Amino acid sequence: MSQKTILIAGLGLIGGSLARAIKLGHTDYHVSAYNRSQAPRDFAIQEKIVDEVSDDFAALAVKADVIILNFPVQLSIDFLKKLATLPLKENVLISDSGSTKTEIVAAAETIFAGKSARFIGGHPMAGSHKTGVIASDELLFENAYYILTPSTLSEPKDLAELKDILSNTRAKFVELSPKDHDAMTAVTSHFPHVVAASLVNNAHDFAQLMPFTENLAAGGFRDMTRIAESSPDMWAEILMSNPDNIIYQIDQFSQKLAQIKQLIVQRQSAEIWDFFDQARKLRSLMPIHKGALENFYDLFISVPDKSDVIHEVLGYFAGHNLSIINIKINETRVEINGVLQITFKTEQDQKTAEHLIKENSDYDVYK
Ligand SMILES: NC(=O)C1=CN([C@@H]2O[C@H](COP(=O)(O)OP(=O)(O)OC[C@H]3O[C@@H](n4cnc5c(N)ncnc54)[C@H](O)[C@@H]3O)[C@@H](O)[C@H]2O)C=CC1
Ligand SMILES: O=C(O)C(=O)Cc1ccc(O)cc1
């Protein structure tokens, strides 16, 4: 154990979650936090998320051994520039949590060329559409990938040091080049946010003609658009920071839409079936089915909206000694089925439970 001062700059959802995890994992560390506004600072002290808070970035930065920037991407680059003007500690280790990596790593390499500061880009691949320290959670990154992008300002021992500092996030660390990171996250994160926002805007436009439309949005629309409630500040910056990869995805996607449109125009029902079947098979093979809790096994049960349904389903398992890790019921509405999600520790328990539910009820069960 070593005494270190860790500065969390930006006490929002990500900064707050990192601070919580770091402090819980390393009680010997002094964790300080910069935030421009007072309410998050007061909250963080009250909740014992950090040891010290201030709106004086420079004063905290010069005392820090490790600095993690948790701002919208472009602002983190501005803060890197500020850091370069300060008498920082020798060999200070700097990282960030931004959703794009090429721009910030290139900026750090230029800004700190010839200085002793070390820089490693970071991106925890978990989060929420919510913002702010109030939504922060020390388990936010558990089992999620945490991408680290080394730079010319870092060596393997620096990576090991950063992983140790972040170890209590319980994330899975992966090293990628900034370029590969930005290409891949454009597909799985940045472009889907563009689609979600477009779906909502599209429904709204159509509702100008037929106002009842929005009332008919069901579970599928809700699942596909939750992230449209994300912060516009953050997403505008992400698009500006990774434009070429996102434009490429928009072009690829436009081609896919044009293809399916053509199939519909030509009434090619067999090909349309193949289009959906291919997606269904591919999705079932994607690692997202393991969720954040890799190696845990989920069952999704379509259940009626009644108060004792969890009791009822658990009753089917009586005497089978199944290890259940988590039970969650997604929002249900009167007369509409809800989804009961039960997470098991082993595949065998998942199979047994599936069998028992099918034997005792006519509920649909999915993995
Ligand atoms: N929200 C998410 O799900 C994820 C976000 N990220 C990245 O993490 C970074 C932080 O995002 P969140 O914590 O979600 O956002 P947030 O909105 O919860 O927090 C942003 C922080 O930046 C500060 N800030 C904003 N403008 C400022 C300014 N002009 N001067 C000083 N401070 C300012 C705010 O006070 C706040 O502390 C972003 O770069 C984002 O791309 C990465 C992974 C997941
Ligand atoms: O809300 C969600 O599900 C997200 O997609 C969270 C998220 C947002 C930004 C990132 O860079 C990584 C993860």
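Owing to the predicted nature of the structure, the values given are computational and were not obtained by experimental measurement.

Cut-off values and rules
- Residues numbered from 1 in each chain as written.
- Chains lettered and ligands numbered in written order.
- Predicted model: local features only at pLDDT ≥ 70, side-chain atom pairs only at ≥ 80, totals over all residues.
- Heavy atoms only, no water.
- Helix = DSSP H or I, 4+ residues; strand = E, 2+ residues; numbered from the N terminus.
- Buried < 20%, exposed > 50% of the residue type's maximum accessible area, 1.4 Å probe, protein only.
- Contact = heavy atoms within 4.5 Å.
- Areas by Shrake-Rupley, 256 points an atom, 1.4 Å probe, with all protein chains shown as cover.
- Lys, Arg positive; Asp, Glu negative; His and termini not counted.
- Charge placed at Lys NZ, Arg CZ, Asp CG, Glu CD.
- Core = buried A, V, L, I, M, F, W, Y, C linked by side-chain atoms within 4.5 Å.
- Near = heavy atom within 4 Å.
- Polar contact = N/O pair within 3.5 Å; in protein donor to acceptor, adjacent residues only side chain to side chain.
- Domains from an automatic or database assignment.
- Pairing = 2+ DSSP bridges.
- Right-handed = clockwise from strand over helix to strand, strands pointing away.
- Axes fitted to C-alpha atoms, helices over the stretch in contact; angles between N-to-C directions.

Each helix and strand in the chain was counted, giving 13 helices and 12 strands. Expressed as lengths along the three principal axes of its C-alpha atoms, the size of the chain is roughly 65 × 55 × 40 Å. Counting all 367 residues of the chain, 40% fall into the buried class. In the chain, the proportion of contacts linking residues at least 24 apart, taken out of those at least 6 apart, comes to 73%. A total accessible area of about 20400 Å² is found for the chain, and carbon and sulfur atoms account for 55% of it. The distance from the centre of the 35 positive side-chain charges to the centre of the 47 negative ones in the chain is 2 Å.

The biggest cluster of nonpolar side chains holds 29 residues, and the ones touching the most others in it are I8, L18 and I22. With five residues, helix α1 (residues 13–25) is the single largest residue contributor to this core. Here I22 is in contact with I6, I8, Y29, V31, I68, I165 and L166, once residues within four sequence places are set aside.

What follows covers the site of ligand 2. Taken together, S99, H123, A126, G127, S128, H129, H193, R226, I227, M234 and W235 make up the full set of residues near ligand 2. Within the side chain of H123, one N or O atom sits 2.6 Å away from an oxygen atom of ligand 2. With respect to ligand 2, the backbone of H129 contributes an N or O atom lying 3.5 Å from an oxygen atom. When ligand 2 is considered free in solution it has 340 Å² of accessible area, and contact with the protein chains removes 84% of it. Looking at the shell around ligand 2, you find at least three residues from each of domain 1 (5–176) and domain 2 (181–288).

A separate point is the pairing of strand β8 (residues 172–175). Pairing geometry for strand β7 (residues 145–150) and β8, over four bridges, is parallel. The residue bridging Y146 from the neighbouring strand is F173, located in β8. Handedness of the crossover joining β7 and β8 through helix α6 (residues 156–165) is recorded here as right-handed.

What follows is about the sheet that holds strand β9 (residues 297–303). Taken in spatial order, the four strands line up as β10-β11-β9-β12 in an open sheet, and their pairing is antiparallel. The sheet is open, and its two borders are formed by β10 (324–329) and β12 (364–366), each paired with just one other strand. Across the sheet, the mean angle from the axis of one strand to that of its neighbour is 20 degrees, orientation sign disregarded. As judged from the five bridges shared by β10 and strand β11 (residues 338–344), these two strands associate in the antiparallel manner. Residue pairing for β11: I329 is matched across the bridge by L340. This element, helix α12 (residues 309–316), spans β9, β10 and β11 of the sheet and lies at about 150 degrees to β10. Strand contacts of helix α13 (residues 347–360): β9, β11 and β12, with the helix running at about 15 degrees to β9, the strand carrying the most contacts.

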